[in-house]
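# Summary of the model geometry
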Amino acid sequence: MNMEYVLEQLKNLLAIDSPSGYTKEVTDYLLNEFEKLGVPAYRTVKGGVIADLGGEDADNAVFVESHVDTLGAMVSQIKSNGCLEISPVGGIDANSAEGETVRIRTRDGRIYDGTCQLCNASIHVNGKYAETKRTYDVMEIVVDEKTSSKEETEKLGIMTGDFVCFEPRTTITKSGYIKSRFLDDKLSTAMLLGYAKHIKEDGVTPKRRIYLHMTVFEEVGHGGSASIPDGVIEVLSVDMGCVGDGLACKEHQVSICAKDSKGPYNYDVVSNLIEAAKKAGCDFAVDVYPHYGSDADAALTAGYDVRHGLIGAGVYASHGYERSHVDGVKNTLLLLETYLG
């Protein structure tokens with residue numbers, strides 16, 4: 001696998017704002033990239049991207065999913081002071097959002113900078129700064145324009161329903177650590193682009209037909225609930241692997257999820273993933289995720305009669321300023337290559 005290509009794709013994807021509901025720019029990018037690779041791909045009615053990597057057995061096909069929608073927010077009200085009240089899109093916690101640079105994208109294509117702040121954010125003024133519980137009821141977007149009233153902000157073209165996109169702050173350290181918002185799940189998407197490049201350029205014909213699906217509503221729960229092609233009997237979600245207290249996985253590893261908050265993953269799929277990881281010599285961990293749901297879960301909830309599984313590179317500080325490592329990427333790609341054949 002070409003790691004330089006994967007990391008380049010990761011940086012490019014992270015630079016494109018794509019909170020759930022505002023994803024056309026990132027899917028345009030994906031369609032263009034698949035065209036460069038010579039991989040047939042199309043946009044679903046729902047807005048995701050499906051690519052066909054080919055393969056021998058079309059009646060035993062596997063649907064490999066990642067998602068390119070991210071956390072974000074939407075303007076819910078313009079306040080009397082000209083600042084913006086927001087409603088979160090997906091599970092972005094107010095504690096994590098505080099102090100972050102944002103972009104406000106208007107319906108007519110204008111982009112304004114701003115900052116997510118606690119209301120009355122000056123410590124030298126607000127004596128209750130430290131004791132205030134951070135919720136979006138006491139947070140606001142301070143717009144980086146000369147505005148101090150609702151009317152002045154409205155004149156900028158900002159309105160309720162505009163998307164608020166958080167700065168990812170992407171960096172890759174000399175020691176191989178990858179730090180950014182939204183590694184969940186653009187890291188996996190970059191890996192799937194790298195896998196597609198490997199299939200095309202190395203002339204690989206998989207034993208099973210392989211489709212890739214980059215979904216656009218995972219962060220709000222229904223990304224993988226549609227668009228599965230005929231012949232697919234297995235859905236494999238490639239998402240972030242959880243890292244934290246009580247779990248075995250670290251950022252250097254590939255995680256195989258045995259169960260999440262929706263229930264156990266298919267026994268045979270999990271067992272086969274473990275065997276493939278051992279065969280490939282991957283550094284891997286098997287974990288149970290306490291607060292998690294995936295596109296593969298969504299497919300079963302929607303009524304699809306498929307087996308399902310979930311893997312991903314270890315990611316720490318999920319839904320915040322996240323951290324992974326290039327070793328985790330390599331181990332995930334190695335497992336994918338071995339498992340898919």
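As a convention, each chain's residues are numbered from 1 in the sequence order in which they are written. The predicted nature of this model means local features are confined to residues of pLDDT at least 70 and side-chain atom pairs, given and counted, to a pLDDT of 80 or more, with totals for whole chains, interfaces and linings taken over all residues. Side-chain figures throughout are based on the complete set of non-hydrogen atoms in the structure, without hydrogens or water.

### Section: helix H2 (residues 24-37)
In an α-helix, one turn spans 3.6 residues, which is why side chains three or four residues apart end up on the same side. Each helix corresponds to a stretch of at least 4 residues labelled H or I by DSSP, and each strand to a stretch of at least 2 residues labelled E; elements are numbered beginning at the N terminus. What a helix should span is 1.5 Å times the count of its residues minus one. Helix length check: H2 (14 residues) gives 20 Å between terminal C-alpha atoms against 20 Å at 1.5 Å per residue, within 8%. Burial in H2 covers these residues: Val26, Thr27, Tyr29, Leu30, Glu33, Phe34 and Leu37. One side of H2 holds all its buried residues, which, seen down the axis, span an arc of 150°. Turned more than 90 degrees from where H2 packs its buried face, Lys24, Glu35 and Lys36 sit exposed. In this fold, the buried residues of H2 make contact with helix H1 (3-14), strand S1 (41-43), strand S2 (49-54), helix H5 (183-201) and strand S12 (208-215). At the exit of H2 stands Gly38, carrying a positive phi of roughly 80°. Type-normalised accessible area, obtained with a 1.4 Å probe on protein chains alone, sets the label of each residue: buried when under 20%, exposed when over 50%, and partly exposed for intermediate values. To obtain the arc, one takes the directions from the helix axis to the C-beta atoms. Any two residues whose heavy atoms approach within 4.5 Å are treated as being in contact.

### A look at the sheet that holds strand S11 (residues 177-180)
In space, the three strands of this open sheet follow the order S10-S11-S19, with antiparallel pairing throughout. Looking at strand neighbours, the two that pair on one side only are strand S10 (171-172) and strand S19 (322-325), the edges of this open sheet. Two strands pair when backbone bridges link them, and S11 and S19 are joined in this way by four bridges, in the antiparallel orientation. Bridging from a neighbouring strand, Lys179 pairs with Arg323 of S19. Of the strands in this sheet, S11 and S19 are in contact with H5, which crosses S19 at around 30°. Here, any two strands with at least 2 DSSP bridges between them count as paired. Working convention: axes come from line fits to C-alpha atoms, limited for helices to the stretch in contact. Angles between N-to-C directions cover 0 to 180 degrees.

### Points about the environment of Leu310
Here Leu310 shows up in strand S18 (residues 307-315). For Leu310, a relative accessible area of 0% translates into the label buried.

### Remarks on the packing of aromatic side chains
A pair of aromatic rings is counted whenever rings of Phe, Tyr or Trp (Trp by its six-membered ring) have centres within 6.5 Å, and the orientation is called stacked for planes under 30 degrees apart, edge-to-face for over 60 and tilted otherwise. Enumeration according to the criterion identifies three aromatic pairs in this entry. Consider the rings of Tyr22 and Phe163, whose centres lie 5.7 Å apart with planes at 45°: the pair is tilted. One end of the pair, Tyr22, is in the loop between H1 and H2; the other, Phe163, is in strand S9 (residues 163-166), with 141 residues separating them in the sequence. A relative accessible area of 24% means that Tyr22 is categorised as partly exposed. With centroids separated by 6.5 Å and ring planes inclined at 70°, the aromatic side chains of Phe63 and Tyr211 adopt a geometry described as edge-to-face. Residue Phe63 is found in strand S3 (residues 57-67), and its partner Tyr211 is found in strand S12; the two are separated by 148 residues along the sequence. Owing to a relative accessible area of 10%, Tyr211 belongs among the buried residues under this scheme. Think of it as a cone above the ring: NZ of Lys or CZ of Arg counts as a charge over the ring if it is within 6 Å of the ring centre and within 35 degrees of the ring normal. One cation-aromatic arrangement involves Arg134 over Tyr129; the distance from NZ or CZ to the ring centre is 4.6 Å. Directly above the aromatic system of Tyr5 lies the positively charged group of Lys197, at a separation of 4.8 Å from the ring centroid.

### Side note on unusual backbone geometry
Glycine aside, residues mostly have negative phi angles, and peptide bonds mostly take the trans form. With an omega of 10°, the peptide bond between Asp184 and Asp185 qualifies as cis. One can find Asp185 in helix H5. Not every positive phi belongs to a glycine, and Ser227 is a case in point at roughly 80°. Along the chain, Ser227 falls in the loop between S12 and strand S13 (232-238). In this structure Ser227 comes out as partly exposed when scored by relative accessible area, which is 26%. One non-glycine residue, Ala317, lies in positive phi territory at about 65°. Here Ala317 lies in the loop between S18 and S19.

### Things to note about the nonpolar core
Ranked by internal contacts, the top residues of the largest apolar core, which has 96 residues, are Phe34 and Leu212. Tallying contributions element by element places H5 first for this core, with nine residues. Take the buried Ala, Val, Leu, Ile, Met, Phe, Trp, Tyr and Cys residues and link them wherever side-chain atoms come within 4.5 Å; each set so joined is a nonpolar core.

### Brief notes about the environment of Thr23
Within the secondary structure layout, Thr23 lies in the loop between H1 and H2. Overall, the relative accessible area of 10% leaves Thr23 in the buried class. Taking the C-alpha atoms as reference points, Thr23 and Phe217, separated by 194 residues in sequence, lie 9.2 Å from one another. In contact with Thr23, other than residues within four places in its own chain, are Ser18, Asp69 and Val216.

### Looking at the packing of H5 against helix H8 (residues 326-340)
Each pair of packed helices gets described by two things: the angle between the helix axes and the distance between those axes. Remark: H5 packs on H8, axes separated minimally by 11 Å, with the N-to-C direction vectors making an angle of 50°. What the angle tells us is that H5 and H8 run oblique. The hand of the H5/H8 crossing is right-handed. Of H8, the residues touching H5 (which contributes Leu187, Met191, Leu192, Tyr195 and His198) are Val329, Thr332, Leu333, Leu336, Glu337 and Leu340. When describing relative orientation, an angle under 35 degrees is termed roughly parallel and one over 145 degrees roughly antiparallel, while 65 to 115 degrees is termed roughly perpendicular and anything else oblique. Two helices that cross are described as forming a left-handed crossing if the nearer one is turned anticlockwise from the farther one by less than a right angle, and a right-handed crossing if clockwise.

### A few points about the packing of H1 against H5
Packing of H1 against H5 brings their axes to within 8 Å, and their N-to-C directions diverge by 140°. Classified by the angle between their axes, H1 and H5 sit oblique to one another. In the packing of H1 onto H5, the handedness of the crossing is right-handed. Mapping the contact onto sequence places Tyr5, Val6, Gln9, Leu10, Leu13 and Leu14 in H1 and Leu183, Lys186, Leu187, Thr189, Ala190, Met191, Leu193, Gly194 and Lys197 in H5. Classifying every residue of the contact of H1 with H5 by side-chain character gives 10 nonpolar, three polar and two charged. In this classification, the charged set is Asp, Glu, Lys and Arg, the nonpolar set is Ala, Val, Leu, Ile, Met, Phe, Trp, Tyr, Cys and Pro, and all remaining amino acids, among them Gly, are polar.

The values reported here are purely geometric and, on their own, carry no functional implication.
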